Amino acid sequence: MPGKFEYKKVCKFCGNTFTAQKSTTKYCSETCASHAKKAEKRQERLQAESEFIQERNRQNLLSQENLSLTDAAVLLGIS
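Residues numbered from 1 in each chain as written. Predicted model: local features only at pLDDT ≥ 70, side-chain atom pairs only at ≥ 80, totals over all residues. Heavy atoms only, no water.

**Remarks on the pattern of salt bridges**
(1) Moving on: Tallied over the full model, the rule gives two salt bridges.
(2) Moving on: With a shortest N-O distance of 3.7 Å, R45 and E49 are connected by a salt bridge. Of this pair, R45 and E49 both sit in helix α1 (residues 30–63), separated by four residues, roughly a single helical turn.
(3) Moving on: Taking relative accessible area as the criterion, E49 reaches 40% and is therefore assigned partly exposed.
(4) Moving on: R58 is the salt-bridge partner of E55, the closest N and O atoms lying 3.5 Å from each other. Linking E55 with R58, this pair stays in helix α1, spanning three residues, or about one helical turn. (Salt bridge = Lys/Arg side-chain N within 4 Å of Asp/Glu carboxyl O. Helix = DSSP H or I, 4+ residues; strand = E, 2+ residues; numbered from the N terminus. Buried < 20%, exposed > 50% of the residue type's maximum accessible area, 1.4 Å probe, protein only.)

This is the structure in C-alpha cells:
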C-alpha cells in the first residue's frame, strides 16, 4: 500500500510552511537547502578560526616568562 503522505513542515532556513513528501525533509526548496548548507559551512569555518586564534593566544602566553594575574587567568580559563 504505497500511499503518499503529506507532512506540514516549517522550513529550517526561511521559516515558511510547506508540504513535504517525506518526514525527513528539512527545507522547502533546493535554494533553502543550498543556503543552509553554505551557512553551516561558514559557521564551521568561523568556529575553526576562533579555536585557532584562541590556541595561538594561549601559546603566546605560555612562551612568556612572567605573567600578569589577568594573563594567568586567561591561560587557566578562569575569571
